[in-house]
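Geometric and topological summary
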Amino acid sequence: MSLKIVLLGYMGSGKSTIGKLLAERVNYNFIDLDDEIEKLENKKVSQIFDENGVIYFRKLENEVLKALLKPEKNIILSLGGGTPCYFEAMQYLNSRADVHTVYLDVSIPELVRRLFPKKSTRPLIENIITQEELTEFVGKHLFERRQFYRKAKTIISINELLPKQVVDKIESSLF
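The rules behind these values
- Residues numbered from 1 in each chain as written.
- Predicted model: local features only at pLDDT ≥ 70, side-chain atom pairs only at ≥ 80, totals over all residues.
- Heavy atoms only, no water.
- UniProt positions renumbered as here; feature names shortened; annotations may be inferred.
- Helix = DSSP H or I, 4+ residues; strand = E, 2+ residues; numbered from the N terminus.
- Contact = heavy atoms within 4.5 Å.
- Polar contact = N/O pair within 3.5 Å; in protein donor to acceptor, adjacent residues only side chain to side chain.
- Expected span 1.5 Å × (residues − 1).
- Buried < 20%, exposed > 50% of the residue type's maximum accessible area, 1.4 Å probe, protein only.
- Arc of directions from axis to C-beta.
- Salt bridge = Lys/Arg side-chain N within 4 Å of Asp/Glu carboxyl O.
- Core = buried A, V, L, I, M, F, W, Y, C linked by side-chain atoms within 4.5 Å.
- Axes fitted to C-alpha atoms, helices over the stretch in contact; angles between N-to-C directions.
- Parallel < 35°, antiparallel > 145°, perpendicular 65-115°, else oblique.
- Left-handed = near helix turned anticlockwise from the far one by under 90°.
- Nonpolar A, V, L, I, M, F, W, Y, C, P; charged D, E, K, R; others polar.

**Describing the UniProt feature "binding site: substrate" (unreviewed entry) in the protein**
- UniProt annotation of "binding site: substrate" (unreviewed entry) refers to Asp34, Arg58, Gly81 and Arg145 when read in the numbering used here.
- Structurally, the position occupied by aspartate 34 is in helix 2 (residues 33-41).
- In this fold, arginine 58 is placed in helix 3 (residues 45-68).
- Setting aside anything within four residues of it in sequence, one finds arginine 58 in contact with Phe49, Gly82, Thr83, Tyr86, Phe87 and Arg145.
- Among the polar contacts listed, one links the side chain of arginine 58 to the side chain of glutamate 61, at a separation of 3.0 Å.

**Some details on helix 7 (residues 163-174)**
- Given a rise of 1.5 Å per residue, 12 residues ought to cover 16 Å, and the 17 Å separating the end C-alpha atoms of helix 7 matches this to within 8%.
- Within helix 7 the residues assigned to the buried category are Val166, Val167 and Ile170. Angular distribution of buried residues about the axis of helix 7 spans 100°; they occupy a single face of the element. Away from its buried face by more than 90 degrees, helix 7 exposes Lys164 and Ser172.

**Details of the pattern of salt bridges**
- Tallying each qualifying case throughout the model produces 12 salt bridges.
- Residues glutamate 38 and lysine 44 are paired through a salt bridge, measuring 3.7 Å at the closest nitrogen-oxygen approach.
- For lysine 44, a relative accessible area of 51% gives the class exposed.
- Overlapping salt bridges bring together Arg25, Lys164, Asp168 and Glu171 as one network.

**Notes on the nonpolar core**
- Ranked by size, the top nonpolar core spans 50 residues in total, and within it Leu77 and Ile170 carry the most contacts.
- Sort the elements by how many residues they give to this core and helix 3 lands first, with 7 residues.

**Notes on the packing of helix 2 against helix 3**
- In contact at an axis separation of 9 Å, helix 2 and helix 3 are set at 110° when each is read in the N-to-C sense. What the angle tells us is that helix 2 and helix 3 run roughly perpendicular. Where helix 2 crosses over helix 3, the handedness of that crossing is right-handed. For the pair helix 2 and helix 3, contact is made by Leu33, Asp34, Glu36, Ile37, Glu38, Leu40 and Glu41 and by Val45, Ile48, Tyr56, Phe57, Leu60, Glu61, Val64, Leu65 and Leu68, respectively.
- Within the contact of helix 2 with helix 3, the residues separate by chemical class into 11 nonpolar, no polar and 5 charged.

**Some words on the UniProt feature "binding site: Mg(2+)" (unreviewed entry) in the protein**
- Mapped onto this structure's residue numbering, the UniProt feature "binding site: Mg(2+)" (unreviewed entry) falls at Ser16.
- Relative to the assigned elements, serine 16 resides in helix 1 (residues 15-26).
- Those residues in contact with serine 16 that lie beyond four places of it in its chain are Phe30, Asp32 and Ser78.

Structural data, given as structure tokens:
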């Protein structure tokens, strides 16, 4: 049976960075869900949101997620920050014997530290002006999403860890 390691967490938690390193380490293919959606639609995620709305995007995201998990292949899959929160995605993922969900848990101050310098590249937070506003936004958002994230089979607190150390923890929890 193949193994699909699905990384989830808030934006800025390092899903793509960790996913690529882990994929290299265990010799699996790395897939970023947002990248696959952008290829399929030939548009940036922000453009899809703007032109088609959030409901269209979330339905499309769920369809692409399920399609990516169909093939009998070992993969590391990085989800968008909101993916686990819609269409009972966590229930679906955790019901599959070939899927192992991993929540990369990062504190609000650490997320703000990572996100603030790059906020112009994140449509959800690009209009936030101060670090205080970003802290409030992330805190509220994380409060709403954490209930879904915490359903992951493995939870790793990664605040003080280097990416290599996070990969070590994931690898030791799985293999």
